[in-house]
Amino acid sequence: METGIRQSQPFAFARILGIESSCDETAAAVLENGRSLLSSVVASQIEIHEQYGGVFPEVASRQHIKTVYAVIEQALQQAHLSLGDVDAIAVTRGPGLAGSLVVGMNAAKGLALGANLPLLGINHLEGHIYSAWVQPPGPRIIPPEPEFPLLALLVSGGHTELILMNEHVTYQRLGGTRDDAAGEAFDKVARLLGLPYPGGPSIQEAAERGNPTAFTFPRARMEGGWNFSFSGLKTAVLRVVKELEATGKPLPVSDLAASFQAAVVDILFTKTLKAARQYAVRDIVLAGGVSANRALRQAFLAQNEFKVHIPDLALCTDNAAMIAAAGYYRFIKGYRDSLDLDVLPTWPLS
Ligand code: KG4
Ligand code: ZN
């Protein structure tokens, strides 16, 4: 079997088993027709890594080994299906931690070989974008399907990227961060403020009690392109924290968190809208762990110039439903990967 497009598939019905293990979540999900979520199981390692203040790679891969098969089994059980009922297996190939990626990849290969199913290697970043297609189960209004051309703002712990899509599984990278990713900035600033890991949710919570205009932090606009920079903002917070600490008074943590968060939201929102206008898209997809941020979601939902698609909260951070969704759109386009597929810890989306 060769990697790449083999043939166009004439049918659209397909159930995909998705597997994700690129960082510190072991996840499996079953998705039907690219949008209907039948099950999604995420075994989080947050409590294990909390003590290190970040992800400890060796511990992460060992933990993936312990849980991967149970998580896959649970996803199939919750969907009331067996492996024979799925049409393909989609697995995260990269980017991510090598030792973590290998665990998911080997599990996927073993199952694909044993059940004679096609294997699809998925870029974790395209997975995040496809989380906007997934409809979680339950009686709720079906979110509208994103339409092309669209602009995706992908904001996670490792990436901050603006990606233009003119059709399914085709990506044009407009720009990205030159230093820290948005999520990384949240995590680092949280540490400066003495807030627990992961920093995004902690900053958000503290910010709800704070004044976003209490401190004026710099907004690196990186004019003339579509890149971002967050290290200057982080350094500015550090400087203010040091000055305040020197006074011996308690840190106004909530005001600092709210003012930092307001700066990040402003930077992301302003540049994304500018790019959306420039590339004449109507649809914007907001995805990745940082898209769980309430202030960021509110900023995008408060405007009515563009149709904004933001995944369900549970699908913003790492999960396997998004990998299955990207897998579905690759599958129906005829993509198939070989069983000697290797993981790619560094793998830009383009
Ligand atoms: O997409 P993700 O789960 O993993 C990566 O692919 O990196 O993103 C994790 C990142 C972390 O940096 C975390 O602090 C951030 O997403 N995050 C948030 C929120 N929830 C998670 N950042 C801001 N606000 C949140 N509510
Ligand atoms: Zn992610």
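These numbers were taken from a predicted model, which means no experiment stands behind them. (Residues numbered from 1 in each chain as written. Chains lettered and ligands numbered in written order. Predicted model: local features only at pLDDT ≥ 70, side-chain atom pairs only at ≥ 80, totals over all residues. Heavy atoms only, no water.)

### Description of the overall build of the protein
Looking only at helices and strands, the protein has ten helices and twelve strands in total. The buried share of the protein, reckoned over its 350 residues, is 55%. Residue pairs in contact within the protein that sit at least 24 positions apart in sequence constitute 75% of those at least 6 positions apart. Accessible surface computed for the protein: about 14900 Å², of which carbon and sulfur atoms make up 52%. Put simply, the protein has 29 plus and 34 minus side-chain charges, and the middle of one group is 5 Å from the middle of the other. (Helix = DSSP H or I, 4+ residues; strand = E, 2+ residues; numbered from the N terminus. Buried < 20%, exposed > 50% of the residue type's maximum accessible area, 1.4 Å probe, protein only. Contact = heavy atoms within 4.5 Å. Areas by Shrake-Rupley, 256 points an atom, 1.4 Å probe, with all protein chains shown as cover. Lys, Arg positive; Asp, Glu negative; His and termini not counted. Charge placed at Lys NZ, Arg CZ, Asp CG, Glu CD.)

### Some remarks on the site of ligand 1
Contacts to ligand 1 come from 19 residues, most closely from His128, Gly157, Asp187, Gly200 and Gly289. Compared with its free state, where it exposes 560 Å², ligand 1 has 88% of that area covered by protein. With respect to the detected pockets, ligand 1 is housed in the largest pocket. For the shell around ligand 1, the secondary structure elements donating two or more residues are helix H4 (124–130), helix H5 (182–192) and helix H6 (199–207). The biggest single contributor to the shell around ligand 1 is H6, with four residues. Tallied by class, residues from the shell around ligand 1 come to four nonpolar, 13 polar and two charged. Both of domain 1 (5–136 + 315–336) and domain 2 (150–311) provide at least three residues apiece to the shell around ligand 1. (Near = heavy atom within 4 Å. 1 Å grid on protein atoms, 1.4 Å probe; cavity = no way out; pocket = protein on both sides within 12 Å on 5 of 7 lines; lining within 4 Å. Sits in = over half its atoms within 2 Å of the grid points. Nonpolar A, V, L, I, M, F, W, Y, C, P; charged D, E, K, R; others polar. Domains from an automatic or database assignment.)

### Remarks on the domain arrangement of the protein
Accessible area lost during the coming together of the parts is what is often quoted as the interface size. Per the domain assignment, the segments making up the protein are domain 1 (5–136 + 315–336) and domain 2 (150–311). Relative to domain 2, the C-alpha centre of domain 1 lies at a distance of 27 Å. Tallying the contact residues gives 24 residues for domain 1 and 24 residues for domain 2. Taken together, both faces of the contact between domain 1 and domain 2 bury some 1900 Å²; the carbon and sulfur share is 73%. In terms of surface lost to domain 2, no three residues of domain 1 exceed Leu125, Ile129 and Cys316, which account for 31% of the buried area on that side. Taken together, the links from domain 1 to domain 2 amount to one salt bridge. Salt-bridge contacts for Lys333 lead to Glu167; the nearest nitrogen and oxygen are separated by 3.0 Å. Scanning the region where domain 1 abuts domain 2 turns up seven residue pairs in polar contact (both at pLDDT 80 or more). Looking at the side of domain 1 that touches domain 2 element by element, the count peaks at five residues for H4. Taken together, the residues that form the side of domain 1 that touches domain 2 break down as 13 nonpolar, six polar and five charged. (Buried area = accessible area lost by both parts, 1.4 Å probe. Salt bridge = Lys/Arg side-chain N within 4 Å of Asp/Glu carboxyl O. Polar contact = N/O pair within 3.5 Å; in protein donor to acceptor, adjacent residues only side chain to side chain.)

### A word on the nonpolar core
Ile203, Phe217, Phe230, Leu233, Phe260 and Leu268 are the most contacted members of the largest nonpolar core, which totals 48 residues. Broken down by element, this core gets its largest block of residues, twelve residues, from helix H8 (residues 253–278). Excluding residues that lie within four positions of it along the chain, Phe260 makes contacts with Ala185, Phe186, Val189, Ile203, Phe217, Leu233 and Val237. Formed by 37 residues, the second largest nonpolar core is a distinct cluster that contains Ala14, Leu31, Tyr130 and Met165. (Core = buried A, V, L, I, M, F, W, Y, C linked by side-chain atoms within 4.5 Å.)

### Focus: the coordination of the zinc ion (ligand 2)
Looking at the metal site, the zinc ion (ligand 2) is ligated by His124 (NE2), His128 (NE2) and Asp318 (OD), spaced 2.0 to 2.1 Å from it. In terms of primary sequence, the donors binding the zinc ion (ligand 2) are separated according to H-x3-H-x189-D. Here the residue His128 occupies a position in helix H4, and Asp318 occupies one in the loop between strand S11 (307–309) and helix H10 (321–332), the gap between them amounting to 190 residues. In this structure, His128 and Asp318 share a single accessibility class: buried. (Donors = N, O, S within 2.8 Å, 3.2 Å for Na, K, Ca; no water.)

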